[in-house]
Amino acid sequence: MRVITGIARGRRLLTLEGDDVRPTTDRTKEAMFSSIQFEIEGTRVLDLFAGSGQLGIEALSRGADSAVFVDRNRQAIEVIKKNLQSTGLAKNAVVLNTDADTFVSTTKEKFSFVFMDPPYSQGILQKLLPLAERVVSEGGAIICEHPLGEELPEELTEMKIYRSYRYGKIAVTVYR
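Definitions and cut-offs
- Residues numbered from 1 in each chain as written.
- Predicted model: local features only at pLDDT ≥ 70, side-chain atom pairs only at ≥ 80, totals over all residues.
- Heavy atoms only, no water.
- Phe/Tyr/Trp six-rings, centres within 6.5 Å; stacked < 30°, edge-to-face > 60°.
- Buried < 20%, exposed > 50% of the residue type's maximum accessible area, 1.4 Å probe, protein only.
- Lys NZ or Arg CZ within 6 Å of the ring centre and 35° of its normal.
- Core = buried A, V, L, I, M, F, W, Y, C linked by side-chain atoms within 4.5 Å.
- Helix = DSSP H or I, 4+ residues; strand = E, 2+ residues; numbered from the N terminus.
- Contact = heavy atoms within 4.5 Å.
- Pairing = 2+ DSSP bridges.
- Lys, Arg positive; Asp, Glu negative; His and termini not counted.
- Salt bridge = Lys/Arg side-chain N within 4 Å of Asp/Glu carboxyl O.
- Axes fitted to C-alpha atoms, helices over the stretch in contact; angles between N-to-C directions.
- Expected span 1.5 Å × (residues − 1).
- Arc of directions from axis to C-beta.
- Polar contact = N/O pair within 3.5 Å; in protein donor to acceptor, adjacent residues only side chain to side chain.

Chemist: Looking at this model, I keep getting lost on the packing of aromatic side chains. Mind explaining?
Modeler: The description of an aromatic ring pair uses the distance of the two centres, along with the angle that the planes make with each other. Evaluation of the coordinates by the stated rule reveals 3 aromatic pairs. Ring centres of F103 and F111 lie 6.3 Å apart, and the angle between their planes is 50°; this geometry places the pair in the tilted category. Among the residues examined, F111 registers a relative accessible area of 0% and is labelled buried. The ring centre of Y162 lies 5.4 Å from the NZ or CZ of R176, which sits over that ring.

Written as structure tokens, this is what we have:
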């Protein structure tokens, strides 16, 4: 796993070990970012279920002003911090050890892009999407990675599915 482009291009990233870990593939990550490549510079991003932090780190590498990384797993938090240090992007990042739903329910912050890659097939996206919508700034987007075939709501309160992409057994859905 590596940073694809930007100021940290080519840097290898650490990941968690174990059967529950499912890092976003480079192909899927590249597709996610190609859909927002001209919008990312100067933005604030939120990486929920951050894992290794690779989505937020990719955004920072491509010119995002800042990123907040949220994960409830303490080992993931340590991996994110190490990856931020090794890429030189730590000064623009906040790393929080908390639940995604707690964070989006209580924060007053707004983000241009919210990346969501939760554990699959547990109904987490369906529950969390309406909460996450409230932290998206005007003109922003929520970008979700999920298993192909998992049904997501067509519309939230103000946002609706803008595009869905398929990458093998993985789908990426963008709400705007």
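Now that the structure has been shown, we can carry on.
Chemist: How should the nonpolar core be read in this particular structure?
Modeler: Among the nonpolar cores identified, the biggest contains 30 residues, and F69, L84 and F115 are the most heavily contacted of them. Counting only elements with at least two residues in this core, the list comes to helix 1 (26-34), helix 2 (54-61), strand 2 (66-71), helix 3 (74-87), strand 3 (93-97), strand 4 (111-116), strand 5 (136-147) and strand 7 (170-175). A per-element tally of this core places helix 2 first, with 4 residues. For L84, the contacting residues outside a window of four places in its chain are I57, L60, F69, L89, A90, A93 and V95. Counting residues in hydrophobic clusters, the runner-up holds 22 residues, among them M116, L125, A132 and M159.

Chemist: Teacher, can you tell me more about the pairing of strand 3 here?
Modeler: Put simply, side chains in a regular strand alternate between the two faces of the sheet. Bridge count for strand 2 against strand 3 is 5 bridges, and the pairing is parallel. Residue pairing across strands places A67 opposite A93, the latter belonging to strand 3.

Chemist: Would you explain the side chain of D47 in this entry?
Modeler: Structurally, the position occupied by D47 is in strand 1 (residues 44-48). Buried charge without a salt bridge: D47, with K29 as the nearest opposite-charge side chain at an N-O distance of 9.5 Å. Sequence-distant contacts of D47, that is, excluding residues within four places in its chain, are made with G53, Q54, L55, G56, V68, F69, V70 and F115.

Chemist: Could you clarify how one ought to interpret the sheet that holds strand 4 in this entry?
Modeler: Strands in a sheet are paired, the pairing made by backbone hydrogen bonds, and the direction either parallel or antiparallel. Spatially, 7 strands are ordered 3-2-1-4-5-7-6 in an open sheet, and the strand pairing comes out mixed. A single partner strand is all that each edge strand has here, and the edge strands are strand 3 and strand 6 (161-167). Neighbour to neighbour, the strand axes of the sheet diverge by 15° on average, direction disregarded. As paired strands, strand 4 and strand 5 are joined by 5 bridges and run parallel to one another. By the bridge assignment, M116 is partnered in strand 5 with C144. Sheet strands touched by helix 5 (residues 124-133): strand 1, strand 4, strand 5 and strand 7. Its angle to strand 5, the strand with the most contacts, is close to 165°.

Chemist: Would you take a moment to explain helix 3 for this structure?
Modeler: Side chains three or four residues apart in an α-helix point the same way, a direct result of the helix having 3.6 residues per turn. End to end, helix 3 covers 20 Å across 14 residues, agreeing with the expected 20 Å (1.5 Å per residue, within 8%). Turning to helix 3, its buried residues number three or more, namely A76, I77, V79, I80, N83, L84 and T87. One side of helix 3 carries all its buried residues, which in axial view fall inside an arc of 165°. Exposed side chains of helix 3 directed beyond 90 degrees from the buried face belong to R74, Q75, K82 and Q85. In this fold, the buried residues of helix 3 make contact with helix 2, strand 2 and strand 3. At the N-terminal boundary of helix 3, the capping side chain belongs to N73, with an oxygen 2.7 Å from the backbone nitrogen of Q75. After helix 3 finishes, the residue G88 shows a positive phi value of roughly 75°.

Chemist: Which parts of the structure should I look at to understand unusual backbone geometry?
Modeler: Glycine aside, residues mostly have negative phi, and peptide bonds are mostly found in the trans state. Of note, the phi angle at F49 is positive, near 55°, even though the residue is not glycine. Among the secondary structure elements, F49 is positioned in the loop between strand 1 and helix 2. Positive phi, normally seen in glycine, also occurs at S121, with a value near 55°. In this structure, S121 sits in the loop between strand 4 and helix 5.

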